[in-house]
Amino acid sequence: MPSTCQGNDMELLRYHDWMKSPELQQLTASEPLTLEQEYNMQRSWREDDDKCTFIILDKQRWAEGGVEEEQCMIGDVNIFLTDRTDATLAELEIMIAEAAYRGRGIGKEVTSMMMCYGVTKLGIKKFQVKIGLDNEVSIAMFKKLQFHQVSVCKVFKEVTLEMEVNELVRTKLLSDNTHVKERDYRQTCNSKQELLSQGSSEPRNTKN
């Protein structure tokens, strides 16, 4: 199961190394950033009220210890409040950066967790994703989550999918995430072994 926590310089360097990959740049429709630009972006993650970013950890490796936390990172998941006139609309992003962890259902599970968080903690009523047309795996995953295609932009080579959060959707999200517990990350670090019985991956929030 995935969860959330606090970033440091070594984690930022690992993220920076990820985003040097031409494959990840293509899949996430991202441009390579300098290290200074990455630091500025991390600062905005912490300070801006319209961003909620979680780092995804391999819970098994993290809980067993013996490796630095940044070596347990496998990706990230984000909520952006993109419309200042509508705080109930959120854009989702998910990246499983480590290739060995793809195709194992982690992206779908983490996305469901993030949606549940958005609905219950932020009052989100509509989710939106923008995905590169070549990223067929991600498009298929969101369609399995019952997102519906609303537009295609040939200029930016991306497709937009949306989901309205009605009572049926809300009930399913809550049901699918009954195993998820929100914890204080620092306290959780002191009881890592307890988490081994709860799943394989652990996302953590980069905000305080």
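Above this text sits the structure in question.
The structure displayed is predicted, hence computed values, not measured ones. (Residues numbered from 1 in each chain as written. Predicted model: local features only at pLDDT ≥ 70, side-chain atom pairs only at ≥ 80, totals over all residues. Heavy atoms only, no water.)

## Things to note about the pairing of strand 6 (residues 158–164)
Part 1 of the argument: For strand 6, the buried fraction is high: five of the seven residues fall into the buried class.
Part 2 of the argument: Bridge count for strand 4 (residues 126–132) against strand 6 is seven bridges, and the pairing is antiparallel. In the strand pairing of strand 6, glutamine 128 is matched with glutamate 162.
Part 3 of the argument: Here strand 5 (residues 148–153) folds back onto strand 6 in antiparallel fashion, the turn holding four residues, of which lysine 157 has a positive phi close to 55°. (Buried < 20%, exposed > 50% of the residue type's maximum accessible area, 1.4 Å probe, protein only. Helix = DSSP H or I, 4+ residues; strand = E, 2+ residues; numbered from the N terminus. Pairing = 2+ DSSP bridges.)

## Description of the packing of helix 5 (residues 106–122) against helix 6 (residues 136–144)
Geometrically, a packed helix pair is captured by the angle between its two axes and the distance between the axes.
Part 1 of the argument: The N-to-C vectors of helix 5 and helix 6 enclose an angle of 50°; their axes lie 10 Å apart at closest approach. Taken together, the axes of helix 5 and helix 6 are oblique relative to one another. Along this stretch, helix 5 crosses helix 6, giving a crossing that reads as right-handed. Here Gly107, Lys108 and Thr111 of helix 5 lie close against helix 6, whose contacting residues are Met141, Phe142 and Lys144.
Part 2 of the argument: Partitioned by chemical class, the residues of the contact of helix 5 with helix 6 number two nonpolar, two polar and two charged. (Axes fitted to C-alpha atoms, helices over the stretch in contact; angles between N-to-C directions. Parallel < 35°, antiparallel > 145°, perpendicular 65-115°, else oblique. Left-handed = near helix turned anticlockwise from the far one by under 90°. Contact = heavy atoms within 4.5 Å. Nonpolar A, V, L, I, M, F, W, Y, C, P; charged D, E, K, R; others polar.)

## Some points on the pairing of strand 4
Part 1 of the argument: When you tally the buried positions in strand 4, you get five out of seven residues, the bulk of the element.
Part 2 of the argument: Following the chain from strand 3 (residues 89–96) across helix 5 to the adjacent parallel strand 4, one finds a crossover that is right-handed. (Right-handed = clockwise from strand over helix to strand, strands pointing away.)

## Thoughts on helix 5
Part 1 of the argument: End to end, helix 5 covers 23 Å across 17 residues, agreeing with the expected 24 Å (1.5 Å per residue, within 8%).
Part 2 of the argument: Buried residues of helix 5: Ile106, Gly107, Val110, Thr111, Ser112, Met113, Met114, Met115, Cys116, Gly118 and Val119, and no others. (Expected span 1.5 Å × (residues − 1).)

## Focus: the packing of aromatic side chains
Part 1 of the argument: If you walk through the whole model with that rule in mind, you get two aromatic pairs.
Part 2 of the argument: Measuring from centroid to centroid gives 5.3 Å for phenylalanine 54 and tyrosine 117, while their planes differ by 75°, and the two rings are edge-to-face. Taken together, the residues phenylalanine 54 in strand 1 (residues 51–58) and tyrosine 117 in helix 5 connect sequence positions 63 residues apart.
Part 3 of the argument: Judged by its relative accessible area of 5%, phenylalanine 54 is buried.
Part 4 of the argument: Exposure remark for tyrosine 117: the relative accessible area of 22% places this residue in the partly exposed category.
Part 5 of the argument: For the ring pair phenylalanine 142 and phenylalanine 147, a centre distance of 5.1 Å and an interplane angle of 80° mean the geometry is edge-to-face.
Part 6 of the argument: Classification of phenylalanine 147 by relative accessible area gives buried; the value is 3%. (Phe/Tyr/Trp six-rings, centres within 6.5 Å; stacked < 30°, edge-to-face > 60°.)

## Notes on the layout of surface pockets
Part 1 of the argument: For the largest pocket, the calculated volume is near 1200 Å³.
Part 2 of the argument: Considering the residues around the largest pocket, the lining is formed by 45 residues, among which Leu27, Thr28, Ile94, Met95 and Asn135 are closest to the centre.
Part 3 of the argument: Among the secondary structure elements, those contributing two or more residues to the lining of the largest pocket are helix 2 (22–27), helix 3 (35–47), strand 2 (73–80), strand 3, helix 5, strand 4 and helix 6.
Part 4 of the argument: Of the residues in the lining of the largest pocket, the class split is 21 nonpolar, 10 polar and 14 charged. (1 Å grid on protein atoms, 1.4 Å probe; cavity = no way out; pocket = protein on both sides within 12 Å on 5 of 7 lines; lining within 4 Å. Points joined across faces, edges and corners; volume = space filled by probe spheres on them.)

## Some details on the packing of helix 5 against helix 7 (residues 167–176)
Part 1 of the argument: The geometry of helix 5 relative to helix 7 is characterised by a closest axis approach of 9 Å and an angle of 120° between their N-to-C directions. The angle between helix 5 and helix 7 places the two elements in the oblique class. Pair helix 5 / helix 7 crosses with left-handed handedness. Taken together, the residues of helix 7 that come into contact with helix 5 (itself represented by Ser112, Met115, Cys116, Val119 and Thr120) are Arg170, Leu173, Leu174 and Asp176.
Part 2 of the argument: A per-class count over the contact of helix 5 with helix 7 returns five nonpolar, two polar and two charged.

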